[in-house]
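One-letter residues, chain by chain:
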Amino acid sequence: MERLISKQLADWKEKPNRKPLILRGARQVGKTYSITRFGEDAFAQHVKIDFEKQRERRKIFDGDLSPDRLIQLIELETNVDIVAGKTLLFLDEIQLCPRALVALRYFYEELPELHIIAAGSLLEFEMERISFPVGRVEFMYLFPLTFEEFLINLSQERLNDCRPSLFDTQPIEEVIHERLLEKLKDFFIIGGMPEAVNTYIRSQSFKAVRKVHEDLITALIQDLLKYEKRLDNDLVREVLETIPQYVGSEIKYNQLSRNASHYKIKQVLNTLEKALLISLVRSSSASELPLGGNINKSSFKLCMLDIGLMQFLCGIPAGEIIQSEDLLATYKGSLCEQFIGQELRAAGGSQNHQLFYWSRAAKSSNAEVDYLLARDGRIVPIEIKHGPAGRLKSLHRYMEEHPKSPDGVVLNPGNIGTVAPVHFMPLYTKLPAAP
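Residues numbered from 1 in each chain as written. Predicted model: local features only at pLDDT ≥ 70, side-chain atom pairs only at ≥ 80, totals over all residues. Heavy atoms only, no water.

**Student:** Would you mind showing me how to read the packing of helix H9 (residues 194-203) against helix H10 (residues 206-227) here?
**Tutor:** The description of two helices packed together rests on the angle between their axes and the distance between the axes. H10 packs onto H9 with a crossing angle of 160° between their chain directions and a minimal axis gap of 9 Å. Our classification of the angle between H9 and H10 gives roughly antiparallel. Helix-helix and strand crossings are classified by hand; for H9 and H10 the assignment is right-handed. Residues Glu195, Ala196, Thr199, Tyr200 and Ser203 of H9 touch H10, and the partners they reach there are Phe206, Ala208, Val209, Val212, His213 and Leu216. Here the contact of H9 with H10 is composed, by residue class, of seven nonpolar, three polar and one charged. (Axes fitted to C-alpha atoms, helices over the stretch in contact; angles between N-to-C directions. Helix = DSSP H or I, 4+ residues; strand = E, 2+ residues; numbered from the N terminus. Parallel < 35°, antiparallel > 145°, perpendicular 65-115°, else oblique. Left-handed = near helix turned anticlockwise from the far one by under 90°. Contact = heavy atoms within 4.5 Å. Nonpolar A, V, L, I, M, F, W, Y, C, P; charged D, E, K, R; others polar.)

Encoded structure:
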């Protein structure tokens, strides 16, 4: 499976001031596969220690954490010579061996020429419990497949090349536009979880994909409860199954469970966020950068890990999406908001890997802009609505109150067009990646 993170890993390999790398991401998004393939393609050899499957190898890190000692023991265990510059050392499921996380500091300080990558699915839980080597490691994030990766793996590279960038002005050929919308509908159903995409490629069956989604949801909850045993299994599932109903809307805790206290619901949301199964979309005044500098902590929205899992939890029949003439009318537009949030998050978030929106509460009129995008020192407001015929009062209100954001973007199922100062772009538009 082709993943765009391969290019980022290759760039990391050649950095002169490289640090040990930690690849973060939720369960089942392809971390192990991506790193293993990178090791095979870019190095003479790679050594993998899986702390989940090879529990006995956790003992290597029980004593002295000097790199020379650790390398000697790893070579004895694996019967492979580890040569700096030629060998990739891959520590998988590193959250199960906290001492290995601590050891990354010493690899950076004493053996910086060695290429070392660590990965784990629930790292956030362990990082709160140990003395983490801040400043001595670097991070990358891996999410479910983006729409671009989805097209590439479906052998639709040429179609992907036809997708516009955010401020392109030339309309797409109508035949190509319709073809891209067809594939977008497929993506709304299948999503970007690698197992679901692989299953669809092999079977061409939405029914088979649905079974994958069902199994993934169960596995993700079970894995989560291994680390947070104090949580109630039924409440976790209830909250996770309820969230899709409110994607794109501001959330109140009592909407997510009728019986649980706000404290318990908040606890579940915090846990789901740490596990990267959901993302909080925070309300920012957008008065200046950074977007997180002035937020309303009492207002937030939610975005799920993957649109395919969301679609499964919503119980939307695949045929309803395929036959839809208006994706914004499907499930009240929530799938479209999930898609854009998911694509934006994979592109680095609104800013600093976080998602933001703008809202303004007033007695006479409330206003809300779906997402904010901070790139190249400016803030771009993004709405997900119909084209020029749609009501865009909130977007115009935002631009009136934020003169440093002179252009607004509306993402919709239509083609490219401009009614100054608003640019209308198709839903499948490429979002600019964070630097």
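**Student:** Sorry if this is basic, but what is going on with the sheet that holds strand E11 (residues 378-384) here?
**Tutor:** Strand pairing within a sheet occurs via backbone hydrogen bonds; the two strands may be parallel or antiparallel. Across the sheet, which stays open at both edges, the five strands sit in the order E10-E11-E12-E14-E13 with mixed pairing between neighbours. Edge strands, defined here as strands with exactly one partner in the open sheet, are strand E10 (371-375) and strand E13 (417-419). Strand-to-strand, the axes of this sheet are offset by a mean angle of 25°, without reference to chain direction. Contacting E10, E11 and strand E12 (408-412), helix H15 (residues 334-346) crosses the sheet at an angle of about 20° to E10. (Pairing = 2+ DSSP bridges.)

**Student:** Whenever I open this one, the packing of H10 against helix H11 (residues 233-242) confuses me. Can you help?
**Tutor:** Close contact between H10 and H11 brings their axes to 11 Å; oriented N to C, the two are set at 135°. When the axes of H10 and H11 are compared, the pair comes out oblique. As H10 runs across H11, the sense of the crossing is right-handed. Across the interface between the two elements, Ile217, Thr218, Ile221, Leu224 and Leu225 of H10 pack against Asn233, Val236, Arg237 and Leu240 of H11. When grouped by side-chain class, the residues that make up the contact of H10 with H11 number six nonpolar, two polar and one charged.

**Student:** Would you mind going over the sheet that holds strand E8 (residues 355-360) with me for this structure?
**Tutor:** Taken in spatial order, the four strands of this open sheet run E7-E6-E8-E9, and their pairing is mixed. Of all strands in the sheet, those with a lone pairing partner are strand E7 (295-304) and strand E9 (367-369), marking the two edges. Shown here is a sheet whose adjacent strand axes are inclined to one another by a mean of 30°, direction ignored. Sheet strands in contact with helix H12 (residues 262-274) are strand E6 (278-284) and E7, and its direction is about 110° off that of E6.

**Student:** Looking at this structure, I do not really get unusual backbone geometry. What am I missing?
**Tutor:** Most peptide bonds adopt trans geometry, and most residues besides glycine take a negative phi value. A cis amide bond, omega 0°, links Leu289 with the succeeding residue Pro290. With respect to the secondary-structure elements, Pro290 resides in the loop between E6 and E7. In this model, Ala420 is joined to Pro421 through a cis peptide bond whose omega is 5°. The backbone of Leu276 shows a phi angle near 65°, a positive value even though the residue is not glycine. Within the secondary structure layout, Leu276 lies in the loop between H12 and E6. The phi angle at His353 is positive, at roughly 65°, despite the residue not being glycine. Of note, His353 is situated in the loop between H15 and E8. A relative accessible area of 48% places His353 in the partly exposed class. (Buried < 20%, exposed > 50% of the residue type's maximum accessible area, 1.4 Å probe, protein only.)

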